[in-house]
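# Tertiary structure, described
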Amino acid sequence: MSRLKLVVACMALFGLSACGESDQVLTYKQGKYQGKTDTRAYENEPLAYGDAKWTKGDRASWESQIRTRNQAQNEYRRAP
Amino acid sequence: MARMKFLCDAERCIECNGCVTACKQEHDVPWGVNRRRVVTINDGVPGERSISVACMHCSDAPCMAVCPVDCFYKTEDGVVLHDKDLCIGCGYCFYACPFGAPQFPQAGAFGLRGKMDKCTFCAGGPEKDRSEEEFRKYGRNRLSEGKLPACAEMCSTKALLGGDGDVVADIYRERVLKRGKGAEVWGWGTAYGLPGGGQKPAATGAKS
């Protein structure tokens, strides 16, 4: 009888072991981005080909390039 | 610089799905995932309108607020991006997004969801810019090449505008003044806030 109790107790313990809840995120910080850092677009060299021109690391020149490129979406400027 | 924004002109969209195709092709987006799609309202009846919808890169992005693992971040240009290495595919962002932008590829049997995928404003992700890994996870990084989103640049009628918010607004303003109608911009109030510092304008029946 005691052996049966022991077996039942062991089975119950084994069954309950699946109920444990482990953290899925190792270091959880509320409301803070936790991923890898990203480089900024203007920190890249312009492509060797194509007409995009800016100075690497200079945000103003990259913005100027983006604004110029944006005007290609304005058909009033493209076709007089 | 202002922040990056999308604007879809419902007066011009002809539901050609060129933007959808451009996005799919540019980023090699897998089957079943649509980062951008065209929605038609009142299809087949007079007054039918179509709009191209994707992540609008909201000013106060609800997806960022609800993510339980905080995998979202916002770039200096206002582009909302996420780290797929952190994403657990819970789907909270999908429920929170007013535009239905987050997409989930099927990752296994029984409808198992994979990591979230969405429009990146062609700005890639946190992996090394223009690297093979970045392309595989997030698609091409056109901003780092001095270009703008492929969908907007490919739009044949220029209904979809994308880029610097100020420039985009100027282009649209000039267009509206020339044609004298269709000043309503779909989704801008929801994504970028209402004019007048969040004060809700009086109901006029116009689109937000």
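Residues numbered from 1 in each chain as written. Chains lettered and ligands numbered in written order. Predicted model: local features only at pLDDT ≥ 70, side-chain atom pairs only at ≥ 80, totals over all residues. Heavy atoms only, no water.

## Here we look at the interface of chain A and chain B
- On the chain B side, the residues contacting the 39 residues of chain A number 43 residues.
- Summing both partners gives a buried area of about 3,300 Å² for chain A against chain B, and 49% of it is carried by carbon and sulfur.
- Our enumeration of links across chain A and chain B arrives at 11 salt bridges.
- Where chain A meets chain B, there are 21 residue pairs in polar contact (both at pLDDT 80 or more).
- No other element matches the eight residues that helix α2 (residues 59-70) of chain A contributes to the side of chain A that touches chain B.
- By residue class, the composition of the side of chain A that touches chain B is 13 nonpolar, 13 polar and 13 charged. (Contact = heavy atoms within 4.5 Å. Buried area = accessible area lost by both parts, 1.4 Å probe. Salt bridge = Lys/Arg side-chain N within 4 Å of Asp/Glu carboxyl O. Polar contact = N/O pair within 3.5 Å; in protein donor to acceptor, adjacent residues only side chain to side chain. Helix = DSSP H or I, 4+ residues; strand = E, 2+ residues; numbered from the N terminus. Nonpolar A, V, L, I, M, F, W, Y, C, P; charged D, E, K, R; others polar.)

## A few points about the environment of Gly100(B)
Residues and elements named next belong to chain B.
- Mapping Gly100 onto the fold places it in the loop between α3 (92-96) and α4 (132-138).
- When its relative accessible area of 17% is taken as the criterion, Gly100 is described as buried.
- Along the primary structure Gly100 and Asp28 are separated by 72 residues, whereas in three dimensions their C-alpha atoms are 20 Å apart.
- Apart from the residues within four sequence positions on either side, Gly100 is in contact with Arg37 and Phe94. (Buried < 20%, exposed > 50% of the residue type's maximum accessible area, 1.4 Å probe, protein only.)

## Observations regarding the nonpolar core
- In terms of nonpolar packing, the biggest core is built from 59 residues, with Trp62(A), Phe6(B), Phe72(B), Leu143(B), Leu160(B) and Trp188(B) touching the most fellow members.
- Ranked by residues supplied to this core, first place goes to helix α6 (residues 165-179) of chain B with six residues. (Core = buried A, V, L, I, M, F, W, Y, C linked by side-chain atoms within 4.5 Å.)

## Description of the pairing of strand β1 (residues 4-8) of chain B
Residue and element names in this part refer to chain B.
- Burial within β1 is extensive, with five of its five residues counted as buried.
- In β1, alternate side chains face the same way, and those of Met4, Phe6 and Cys8 on one face and Lys5 and Leu7 on the other are all buried.
- Pairing of β1 with strand β6 (residues 160-164), which is carried by five bridges, proceeds in the antiparallel orientation. By the bridge assignment for β6, Cys8 is matched with Leu160. (Pairing = 2+ DSSP bridges.)

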